[in-house]
Amino acid sequence: MSRLSTKLAVLVAVALTVAACGASTTYSPVGSPPGSQPPSANPPGSQPPSANPPGNQPPSANPPGNQPPSANPPGNQPPSANPPGSQPGTAYRPVLEPDLLRMGASVGDGVDGRLFVLAPDEATAQRVRELASQRGVPASALDLHVGRISNFNLRAAVRPVVGGVQIENQTAGGICTLGYNATAPVGDGFVTNMHCSSTQGALDPGDNINQHLGAANRVSTGLETYDPPFFAGAPCPAGFECRRSDASFFRYDAGVPFTRGSIARQAVFGDATAPIVGAWRIVSKLSAGSVPVTVRYIKVGRRTGTTWLQQVRATNATIARGDQNGNGTPELLLGQLVFEAKMLPYPNADGTAGPGDSGSPVFFPIGGTTDVVLVGNLWGGNPNPPLPGVGAIQFIIVSPIWGIEQDFGVTLTVTP
Amino acid sequence: MNVGLSWVLLGPAVVLAAAAGPAFGSETQRCTGLALSVDFPQAVRAGEAVRFTVLVRNRSDTVCTVYLGGRPPHDVEVRLGSSLVWNWAHGRPTLLVLDVRQLGPGEELRFEAVWDQRDNRGRPVRPGRYRVRALVRVDEPPQVLRTSARTLNITP
């Protein structure tokens, strides 16, 4: 399988060059020889925030199919910065889409409210500009890129490695999502869930982690560095063992290119296979006690892609999750964040989160930009009610970054 | 005494692993000949814990890969008439990992669930004839395997 996908990727693999508003972003193909793509060479995070100017954040940023409009209470909407009388770029989609598709371009509702257009070459891009001009569509309404669709989605081998992409624990046989890159006192690595390692609450020196599938895409060989044991005693209630996060830190193997501070930014929401077109840039970490309730939170994961979370339902939650590590003592996770999540009953899912999204980074954008505040890692939920209507309000659980750092006993640097 | 097995089969198509396919760098078929069953006592006394064993078996004659939809991937439902009385997964968070397991011919995955004869609100249930069904979520693509319902008799 891995050979097959590698072969496919090589076929498409002319590095995808995305020219966006003057910025250039290059994704290297699967199988790039180490060192061929230095981390600093146009990493996804290099796209300037100005590519998504404030003011392009439309009410329709919650795309159809992701969450029903009624699920978003008015008070929970991000403030719209659209100038009075202006239209979001996505409103022009019906005007342009048929012709754009005939030109061989791809079209989507951009997450920043502009109309996302991916033209296969510069000549087509120029025709797109001319068509838009003829039809009265302002240039600022378009998020126009030049590039060919490739396998560079969340499930591909993405180099440099960024947050939000698939990882595989080849040793334990599990697929999860890489949360975000970080630098700890022990070195550079990434944070994901501890249940993505072989043993929860213990280091697994035998764990080999591949980004995408197969050993050819190995990023960490026996380098789980932080996965501290569960503890007993205050503040952990008697009869339980506790952690403050479902998190684990894996150091990178030498030579693995990665971009700290970057989380994969897709062209559209709700589709894990949608192309990666840039990066969300982590500019800060959320602090304990300052969890905002008037912003919209996002997660990026390999199962359901980029999705909005609904409102924060509880903070500082103690989550009972049975005896997941099988040692006979039930576990509690302290200080967790609980979000409402509107999910369709499994297996129709493709809702807010699903199996394989474990470890997903959770964050919120600042205004209408791609600069984001890191919140933590998604690890669980109740996405599978046994009956329609049962558990109609569903939840997903997030370990906050401060709990992760407290568990690890270190401060993580997660910004570029 | 244990009751017989109930079978629910996955669809007949054989799907070769694609880009998001199996782990371990090998070309392995997804499991399509899976059989789901649940084993439990036919009758128990009121208040006695009931143990359910859920089995997922590869009925094919080849090694295949199964993707389990979350951890734990299974549930057991107990109903009285059409009303859900209890289900094992009630109130349990699901870890959103996609566990990947390879099954040889005839090989089984086994999941356990124990019922203390209380309903989902924690109240003891009355003696009677209950219907039991198990389900297991698999993924890539997402699908729910279900057994048919069978009777569990709780005696006074």
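Thresholds, definitions, all that
Residues numbered from 1 in each chain as written. Chains lettered and ligands numbered in written order. Predicted model: local features only at pLDDT ≥ 70, side-chain atom pairs only at ≥ 80, totals over all residues. Helix = DSSP H or I, 4+ residues; strand = E, 2+ residues; numbered from the N terminus. Buried ≥ 20, exposed ≤ 12 C-beta atoms within 10 Å, placed from the backbone. Contact = placed C-beta atoms within 7 Å. Pairing = 2+ DSSP bridges. Axes fitted to C-alpha atoms, helices over the stretch in contact; angles between N-to-C directions. Parallel < 35°, antiparallel > 145°, perpendicular 65-115°, else oblique. Left-handed = near helix turned anticlockwise from the far one by under 90°. Nonpolar A, V, L, I, M, F, W, Y, C, P; charged D, E, K, R; others polar. pLDDT = per-residue confidence, 0-100. Expected span 1.5 Å × (residues − 1). Arc of directions from axis to C-beta.

A few words on the overall build of chain A. On a plain count of helices and strands, chain A comes out with four helices and 24 strands. Burial analysis of chain A (416 residues in total) assigns 55% to the buried set. In chain A, of all internal contacts separated by at least 6 residues, the share reaching a separation of at least 24 is 69%.

Looking now at the overall build of chain B. Of regular secondary structure, chain B possesses zero helices and twelve strands. Moving toward the C terminus, one meets the helices and strands of chain B in the order β-β-β-β-β-β-β-β-β-β-β-β. Looking at chain B residue by residue over its 156 residues, the buried ones come to 38%. Here the analysis covers contacts within chain B between residues at least 6 apart in sequence; of these, 73% occur between residues at least 24 apart.

Moving on, we come to the sheet that holds strand E4 (residues 115-119) of chain A. All names here are of chain A. Strand order in this open sheet of three strands is E3-E4-E5, and the pairing throughout is mixed. In this open sheet, the two strands that pair with only one neighbour each are strand E3 (106-109) and strand E5 (142-146). Across the sheet, the axes of successive neighbouring strands diverge by a mean angle of 20°, strand direction being ignored. Bridge analysis of E4 against E5 gives five bridges, and the strand direction is parallel. Residue pairing in the sheet places leucine 115 in a bridge with leucine 142 of E5. Here helix H2 (residues 93-103) sits on the sheet in contact with E3 and E4, set at roughly 155° to E3. The sheet strands contacting helix H3 (residues 122-134) are E4 and E5, and the helix crosses E5 at an angle near 160°.

Residue and element names in this part refer to chain B. As paired strands, strand E10 (residues 128-138) and strand E11 (residues 143-146) are joined by four bridges and run antiparallel to one another. Within the sheet, the bridge partner assigned to arginine 137 lies in E11 and is valine 144. Between E10 and E11, which pair antiparallel in sequence order, lie four residues; one of them, glutamate 140, sits at a positive phi of approximately 60°.

Residues and elements named next belong to chain B. Reading across from one edge, E2-E4-E9 is the order of the three strands in this open sheet, with antiparallel pairing throughout. With partners counted over all chains shown, the strands left at the sheet margins are strand E2 (34-39) and strand E9 (108-115), one partner each. Taking each pair of neighbouring strands and ignoring which way they run, the sheet shows an average axis angle of 15°.

Bringing unusual backbone geometry into the picture now. Residue proline 235 of chain A is reached from alanine 234 of chain A by a cis peptide bond, and omega for that bond is 5°. Within the secondary structure, proline 235 of chain A sits in the loop between strand E13 (224-226) and strand E14 (241-243). A cis amide bond links glutamate 140 of chain B to the next residue, proline 141 of chain B, at an omega of 5°. Along the polypeptide, proline 141 of chain B turns up in the loop between E10 and E11. Phi angles above zero are rare outside glycine, and asparagine 316 of chain A is one such case at about 50°. Along the chain, the position of asparagine 316 of chain A falls in strand E20 (residues 312-320).

Turning to the packing of H2 of chain A against H3 of chain A, a few remarks are in order. Residue and element names in this part refer to chain A. In contact at an axis separation of 11 Å, H2 and H3 are set at 160° when each is read in the N-to-C sense. With respect to their mutual orientation, H2 and H3 come out roughly antiparallel. For the pair H2 and H3, the crossing hand works out as right-handed. The segment H2 lies against H3, with Leu96, Asp99, Leu100 and Met103 engaging Thr124, Arg127, Val128, Leu131 and Ala132. For the contact of H2 with H3, a count of residues per class yields six nonpolar, one polar and two charged.

Turning to the confidence of the model for chain A, a few remarks are in order. Residues and elements named next belong to chain A. Per-residue pLDDT for chain A has a mean of 77; in total, 73% of the residues score no lower than 70. Ignoring residues within four places in sequence, the model shows residues 1-85, a span with pLDDT below 50, making 184 contacts including any to other chains. Segment residues 385-392 is flagged for pLDDT under 50; beyond a separation of four residues in sequence, or across chains, it makes twelve contacts in the model.

Further remarks concern the environment of leucine 96 of chain A. Residues and elements named next belong to chain A. Among the secondary structure elements, leucine 96 is positioned in helix H2. In sequence terms leucine 96 and valine 107 are eleven residues apart; their C-alpha atoms lie 9.1 Å from each other. The contacts of leucine 96, once residues within four sequence positions are left out, are Leu115, Leu131, Ala132, Arg135 and Val137.

On to the pairing of strand E19 (residues 305-308) of chain A. Residue and element names in this part refer to chain A. As paired elements, strand E18 (residues 298-301) and E19 share four bridges and run antiparallel to each other. Along E19, the bridge assignment pairs valine 300 with threonine 306. Taking the residues that link successive antiparallel strands as the turn, the E18-E19 hairpin has three residues.

Another aspect to go through is helix H4 (residues 401-408) of chain A. For H4 of chain A, the tally of buried residues reaches six of eight residues, placing the bulk of the element in the interior. Positive backbone phi, at 75°, marks glycine 409 of chain A, one or two positions downstream of H4 of chain A.

Residue and element names in this part refer to chain A. A rise of 1.5 Å per residue sets the reference length of H3, with its 13 residues, at 18 Å; its end C-alpha atoms lie 18 Å apart and thus fit the reference within 8%. Taken together, the buried positions of H3 are occupied by Ala125, Val128 and Ala132. Angular distribution of buried residues about the axis of H3 spans 55°; they occupy a single face of the element. Those residues of H3 that are exposed and aimed more than 90 degrees away from the buried face are Ala123, Glu130, Ser133 and Gln134. Buried residues along H3 sit against H2, E4 and E5. Following H3 by one or two positions, glycine 136 adopts a phi angle in the positive range, close to 75°.

Further remarks concern the environment of asparagine 217 of chain A. Residue and element names in this part refer to chain A. Inspection of the secondary structure assignment puts asparagine 217 in the loop between strand E11 (208-211) and strand E12 (218-221). The class for asparagine 217 is buried, based on 27 C-beta atoms found within 10 Å. A C-alpha to C-alpha distance of 9.6 Å links asparagine 217 and glutamate 168, two positions 49 residues apart in sequence. If near-sequence neighbours (up to four positions away) are discounted, asparagine 217 is found in contact with Ala157, Asn210, Gln211 and His212.

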